[in-house]
Every structure is written in C-alpha cells, then in structure tokens.
There are 2 protein chains.
Amino acid sequence: MAAAFSCSVSFPFRYSRNGNRYRSRVDIKINASSSTRLHTLNEIAGAGKGSSPLAATTENRHIAEEQIRQKIPTQKQLVDSYRQGLITERGVGYRQTVVVRSYEVGPYKTATLESLLNLFQETALNHVWMSGLLSNGFGATHGMMRNNLIWVVSRMHVQVDHYPIWGEVLEFDTWVGASGKNGMRRDWLVRSQATGITYARATSTWVMMNEKTRRLSKMPEEVRDEISPWFIEKQAIKEGIPEKIVKLDENAKYVNSDLKPRRSDLDMNHHVNNVKYVRWMQETIPDKFLESHQLFGIVLEYRRECGSSDRVQSLCQPDEDEIQTNGVEQSLLKNMVLTSGMVEGNGYLGLLDTKTYGYTHLLQIKGKNRNEEIVRGRTRWRKKYSTLPYST
Amino acid sequence: MAAAFSCSVSFPFRYSRNGNRYRSRVDIKINASSSTRLHTLNEIAGAGKGSSPLAATTENRHIAEEQIRQKIPTQKQLVDSYRQGLITERGVGYRQTVVVRSYEVGPYKTATLESLLNLFQETALNHVWMSGLLSNGFGATHGMMRNNLIWVVSRMHVQVDHYPIWGEVLEFDTWVGASGKNGMRRDWLVRSQATGITYARATSTWVMMNEKTRRLSKMPEEVRDEISPWFIEKQAIKEGIPEKIVKLDENAKYVNSDLKPRRSDLDMNHHVNNVKYVRWMQETIPDKFLESHQLFGIVLEYRRECGSSDRVQSLCQPDEDEIQTNGVEQSLLKNMVLTSGMVEGNGYLGLLDTKTYGYTHLLQIKGKNRNEEIVRGRTRWRKKYSTLPYST
C-alpha cells in the first residue's frame, strides 16, 4: 500500500537569545495512515534550554510557555492574518475585519451593545499587539510595565446608527490621539464591509493607574516616547463641550440595589470590566421601555474601579421634559392615527423618527458610611419601528 | 485649496407602501480628493430587484436587505476567508481558525468554559453556513424551515485538557454523524494551532423541535436527505455507556433559587441559550472551591427549554465518596511534603495529577404545583496547581 511509505518529518526549530526562548511545532509523521507525536505543554516549555527540563525554574518555564502560545510580536507588524488586522493611516491606525458571531446577537439577530463594546476593547488591544509595544498586560506597553502602570478608561462615548446583524462582516477602524498631558484618546469607526455604510462610532479617554497603589499616575516620559508617535488628530465623533452628567441620588426613579459582580465579570486586570457596567445600567431601565426602544447613544464617565467583593447599586432617571413631550406626541399621534384611519403601531411612527428619549445613570458602591461613585452615564434611545433585525 | 471643492449634501428619502413607511438618509459627498457614494441600507435592499424600489414589498425589501448584509451562501463553499473556515474531511467536515479574544478570558487569562461553548456553537453554525444548507434560522436547513423545525440540543459532553490563553490561535474541527433514527451527533476537537496539542474535545446530540408547538419532531425525509451526506463516523470522545445522572431533589447540598433569565440570555431561537445554563450551574458551587479548582469535564442532559419568564432553581451536590478520599489524600500529601522538605504549592503537587472531584447538578423551573427539569449535569474538577494562566 503506497501510503505505507509516506514519511513526513518536521523538526523543532528552537533558539534562545537575550533570555527569550522560542520553540515550535514538532510533527513527526511516519505512518501508513497518520500519527502525530504530540508534545505536552510542559515538554515544549522545557525544550531548548540546553539543560535538563528539571533545571529550569518554574517561572522561566511558565514565561517560555506563554511566549510560545501567545506569540506577542516584539516588533511592529503590518498585517496579522489570524486577527484579520492590518496597520492603516500611514502606519499608525489599525483595521480589523470581524464577522458578527451567533452569540453576539440578541433574540432579534442584531449585535448587542455589549458585543460592540467588547469588540472595541478587542480591536484596541490588537492595535497595541500589532505595534510591537504590547507587554504581557492588558494593553500596557513595555514602558508601562516597567512602571507598574495599567490603562484605565475615564470616558467613553458611543453612537450606534445601525446595529449589525448575525453573520454580517464589519470593519473596525481604531486609532489613538493625545488627550491633555497625561491621557490618551482612542476612537473607533465601524463600517459594513459590504456597503461601506458607517454603523457605529466611538471615542474614549484613557489614563494610567499604578497597578499596586491603584492611584492614577502621570504619563512617564518613556511611555510618552513609546505611544506618541502613534497619535493622530482624526476624530470619530465631533464633540463640542460635553454635556455635564448630573449625579443622581436615592430619589432616582429606578433603583436596583445589591448587584453583585460575578466571577465571570472580572477581566485580566482583576477588576470588573467596564462592559459589565453597561449591562447593569440597561437592566435598571424598565423592560417595557427596553422592548420598544433601541439605544443609539451612550456616554460613560468612569470615577472609580469596582472590585469583586463590592456591592453595587444602579440608579436611573428618565428625562422629565421628554416624558412630557412624549405625552404630547402620543396624543398628537393618536389624533393623526384617528384622522388618517391608519392602524396604530404600523410604520406611521416613522414620522417621529427624530424623537429621542434620555436616561441618566449612576452606578455606585454601597459603603457603610458613604457611597462611592463608579460611573455616571447618559443613554439616548429611540423607538424601534419593527422587531425585524434590520430596523434602524 | 482642493478642499474648497468638497460639497456634502444629505437629504431624506422617503416612500410609503402598504401602510409601511421608511426613511433614510442619502449622503452624497462630492469631493476633490476621494468621493464615495454611500448607499443607505434601504437603497441597497431595493437594488438589483429588477424593478423600482417602490415596487418592492416591505417583506421582500427586508429579506433582500438581510441577504445583502448576511450573504448566506446558497451553495456549498470550500473556504470562507472572513470566518477563517474551510471544509475538511473529504468535503464534509469544517475547520475554523480562532484567536482567543481578550473578553473571552477570565482574570487568569485563560478562556472560560462559556467561551469554549460559545465557540462550539459558532463553528457549528458556520459549518452549516458553508454547506449551503443554512436557511435563515439558527442552524436550521431549508428543509427544516419548510417544516417549521429548529434544532435543540439534547446532550453535550465536553472535556478540557488545557484552557487556551488570551491571544492564542486555535483550530476548531467539527463534524456531524447519525444519532439514532431522528437525531444528529456533532463533535468538536480544539487544537493549539502552534503546537497541534489537543486542548478540548466535545460531542453533542441534537434533535428537532417544532418551532410553533415546541414539541420534539421526527426527522422528515427531506431533512435527512439534506444532512445525511454530511455524516461521518469519527468520534471526538470515545464513550462507553454514559453514566446515568441522578436527579437531585431539594435536599441537595447547595441550592440557588430564583434565578431569572436576563434579556441578554435569550438567543435567536427566543429561548435561554444553553450556554447560560452552565453559568448557573457553576455559580451554585461555592466560591472557595471554584477558586482552587478547574473544570475538566462536563456532561449535560437537556430535558426542557427555558423561557424568559421562567424562574429557575439550580441545585448541586458534591460526590460524597470523593470528599472522603480527598481527606485521605490531603494527609498523605502533607506527609510527603514534610518528608521531602519541599515547599507546599510548588510543582510537587503534580503527583496528585489524577485526583478529581465530581458534582451533580440540576436546573429546574419552579412551578406552582411541580418543578420541571431543564437540565441535569455532571461536572468533573481537579486542583489548580498555580494561578498562572497556563496551569493545567
């Protein structure tokens, strides 16, 4: 049988330089059908040390293994085929092609806001990944790592014009810019790959925090030197002076107390990921409103991080004037519907296309003596015209 | 200055038909540098119909728009570059390359079980996507759609040998086979792309449910004709006679009552996605145990679907005999550590590699008169040897 002579051997390629170790796949295929000699992760981590695996310290072994498995680039890459990403904007921006996955959409097949926020985070990290600046932290550069610094988001503003649907191919563009002396701005633009139509845009501000003291930090010179060559001025959202978000108190119309972070809510920085905050905010709005409205804008101002043992309270308050306006419009609509003889609930509501509804939000940690703000937010909503996935 | 020629016009475009109204924005940007004519979603939906957009019915328009945005293939595809997928196994299997995303990992940078289950679902759907058989349902074929049938999972068995880490590139292989007369088996194999090492394997059984009556259905001939050419005999997990999962009652050691599905827990089939069940099961196990142990095996037997208004109770019970065994082994270990003089917590614990812990689970809907089972489960755990991400 011809296959009995098949013999394919690929040898490990290994080298060690400057204390860094790399290894690779060892496929040995000598068989009639196909048999593969698979190394265990420990064997790989121990390989190529030029000494017995037992002599390797546990830590070195772990670091070596992680390097092999993650393959974080140490130099700038222009293309990453696995991430479907490429460097744009004359060498400083990043674009990633993303397919909306089945578990990123809700019952109407449209991507959830949480999924979009997750993908903002993912593309931002991949941008740093491609830059060659990524240390082993959550988006931290080598200079930040040396100074025990991590990124924390201080503000996020997202606008969604169209929600993408399951299976749709999107292009996420992201880039960074200066924000004051010690901050960084990061923007995103999400387009339909098929049509070029912009679906969503976002801008955010980031500052540095000392990982140990958990206090905000100035941007060290060495970090500025790393990241400032990547700064550009382009803005995804043209913002004037941002609207001030009032601080709600316990008189807020809707209050959801005793929210408890779950194990699965913690991220690589060991705090509650900011995407989860949005879920808590949304869940405080009555179901009845959520069922018939769609969020098209959100602003978040982060004040304090939230740990796994904190108990969180979510407050929210609809805009008063708009509820009144809404009341007026409801009766206007009723008249119109009666006059025209059209059935309520059909496309006629399209006339009220520009009508929006606002909510103010606050998440706070319930303390013994006083409460501490985690995040203030504003959300903007408009009526859903249809339960179909492509409704805008 | 070139920009002087830039001219941006936007005007509303509206039409009304069958009592439905659409409006949309037409942005026309005539510019000296690059000019892009951006189509609105409605224009696109109307395009290519061979008739004026006004003549298209609303439903057709929606379907047309969705087709353009999703681009579900109507014929078998061998490669999909966006999904990074290809057909394998002599034309019937599917392989997808996946990068572990930042939000799919927990605080220790390892992918969560939920993320793996989500990716099983995603790759399964993409397999059907590539086959050309996918109708617009949640994995349903054209024949199933004609018979109002949807897929429901009846059993799932997952084994995780190694948890992938953030940024790691994985290969998911999936394929289907026969399961009795009316069911289908679907298997998965997850490998590290860099090393070829198998990280996880899974097998599942699926049956068909009538979307309207919510009752299980036989497999119609036309559906069998669609899917049976894709069946192969390969098995990811060699199973003997499956262990029977006992039904827990209210005497179970840990009980978590009044669990409430969240809006975000509903999937495209408008029921609670089975991945969420696993979260509820895990959250019923004490934190102390979860912190020091890692799941390496889970079996789920689904009995009934769970809707958004159901109140769910999660019960779980550790295996008694193993707790005792554990006590014995703990003292053995203590002796060994004392004897050898090695520090506790180092690699020496590797000697207890085979020690495992079992839990039995039940999720049920709390009814007025009686409770109804949603799913029974068994989980298997082993000690974590380190908090480092690559610990096995």
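Residues numbered from 1 in each chain as written. Chains lettered and ligands numbered in written order. Predicted model: local features only at pLDDT ≥ 70, side-chain atom pairs only at ≥ 80, totals over all residues. Heavy atoms only, no water.

A. Here's a closer look at the packing of helix α3 (residues 113–131) of chain B against helix α6 (residues 274–284) of chain B. All names here are of chain B. Two numbers describe how α3 lies on α6: the axes approach to 9 Å, and their chain directions differ by 165°. Taken as axis vectors, α3 and α6 run roughly antiparallel relative to one another. With respect to the hand of their crossing, α3 and α6 are arranged in right-handed fashion. When α3 is examined against α6, the residues Leu 113, Glu 114, Leu 117 and Asn 118 are found in contact with a partner set consisting of Val 275, Val 278, Arg 279 and Gln 282. (Axes fitted to C-alpha atoms, helices over the stretch in contact; angles between N-to-C directions. Helix = DSSP H or I, 4+ residues; strand = E, 2+ residues; numbered from the N terminus. Parallel < 35°, antiparallel > 145°, perpendicular 65-115°, else oblique. Left-handed = near helix turned anticlockwise from the far one by under 90°. Contact = heavy atoms within 4.5 Å.)

B. Quick look at the confidence of the model for chain A. Across chain A, pLDDT averages 79, with 75% of residues at or above 70. Contacts from residues 1–38 of chain A, a stretch scored under 50 in pLDDT, to residues over four places away or in other chains number 61 contacts. (pLDDT = per-residue confidence, 0-100.)

C. Broad picture of the packing of aromatic side chains. Summed over all chains, the structure comprises 16 aromatic pairs over all chains. Relative to A:Phe172, the ring of A:Phe120 has its centre 6.0 Å away and its plane inclined at 70°; by these criteria the two rings are edge-to-face. Residue A:Phe120 is found in helix α3 (residues 113–131), and its partner A:Phe172 is found in strand β9 (residues 169–179); the two are separated by 52 residues along the sequence. A:Phe172 matches A:Phe120 in its accessibility class, with the two residues each being buried. Between B:Phe289 and B:Tyr357, the ring centres sit 5.9 Å apart and the planes meet at 80°, which makes this aromatic pair edge-to-face. (Phe/Tyr/Trp six-rings, centres within 6.5 Å; stacked < 30°, edge-to-face > 60°. Buried < 20%, exposed > 50% of the residue type's maximum accessible area, 1.4 Å probe, protein only.)

D. Examining the pattern of salt bridges more closely. For the structure shown, the criterion picks out 50 salt bridges over all chains. With its nearest N and O atoms 3.7 Å apart, the salt bridge here joins B:Glu66 to A:Lys109. With B:Glu66 in helix α2 (residues 58–70) and A:Lys109 in the loop between β7 (93–99) and α3, this pair bridges two chains. Accessibility classification places B:Glu66 together with A:Lys109 in one group, the buried group. Within the structure, one salt-bridge network assembled from shared partners comprises A:Lys247, A:Glu301, A:Arg303, A:Glu373 and A:Arg376. (Salt bridge = Lys/Arg side-chain N within 4 Å of Asp/Glu carboxyl O.)

E. Layout of the pairing of strand β14 (residues 293–302) of chain A. All names here are of chain A. Of all the 10 residues making up β14, nine are buried; the element is thus mostly covered by neighbouring parts of the structure. Two elements, strand β8 (residues 149–160) and β14, share five bridges in a ladder whose sense is antiparallel. Each bridged residue has a counterpart across the sheet, and for Met 156 the counterpart in β14 is Leu 300. Looking at chain direction, β14 and strand β17 (residues 372–383) are connected through nine bridges and run antiparallel. Across the sheet, residue Val 299 finds its bridge partner in β17, namely Arg 378. (Pairing = 2+ DSSP bridges.)

F. Highlighting α3(A). All names here are of chain A. Taking 1.5 Å of rise per residue, the 19 residues of α3 would be expected to cover 27 Å, and the 27 Å separating its terminal C-alpha atoms lies within 8% of that figure. Most of α3 is tucked away: 19 of the 19 residues are buried. Among the residues trailing α3, Gly 132 stands out with phi positive, at a value near 80°. (Expected span 1.5 Å × (residues − 1).)

G. Just the side chain of A:Asp173, in detail. All names here are of chain A. Mapped onto the elements, Asp 173 comes out in strand β9. With a relative accessible area of 6%, Asp 173 lands in the buried category. Within the structure, Asp 173 has its side chain in polar contact with the side chain of Arg 95 (distance 2.8 Å). Residues contacting Asp 173, with those up to four places away along its chain left out, are Thr 88, Tyr 94, Arg 95, Asp 187, Trp 188, Leu 189 and Arg 191. (Polar contact = N/O pair within 3.5 Å; in protein donor to acceptor, adjacent residues only side chain to side chain.)

H. Fine view of the nonpolar core. Counting 154 residues, the largest nonpolar core has A:Val158, A:Tyr277, B:Val158 and B:Tyr277 as the members making the most contacts within it. Discounting chain neighbours no more than four positions away, the residues touching B:Tyr277 are B:Val272, B:Tyr302, B:Arg304, B:Glu305, B:Cys306, B:Leu363, B:Ile374 and B:Val375. (Core = buried A, V, L, I, M, F, W, Y, C linked by side-chain atoms within 4.5 Å.)

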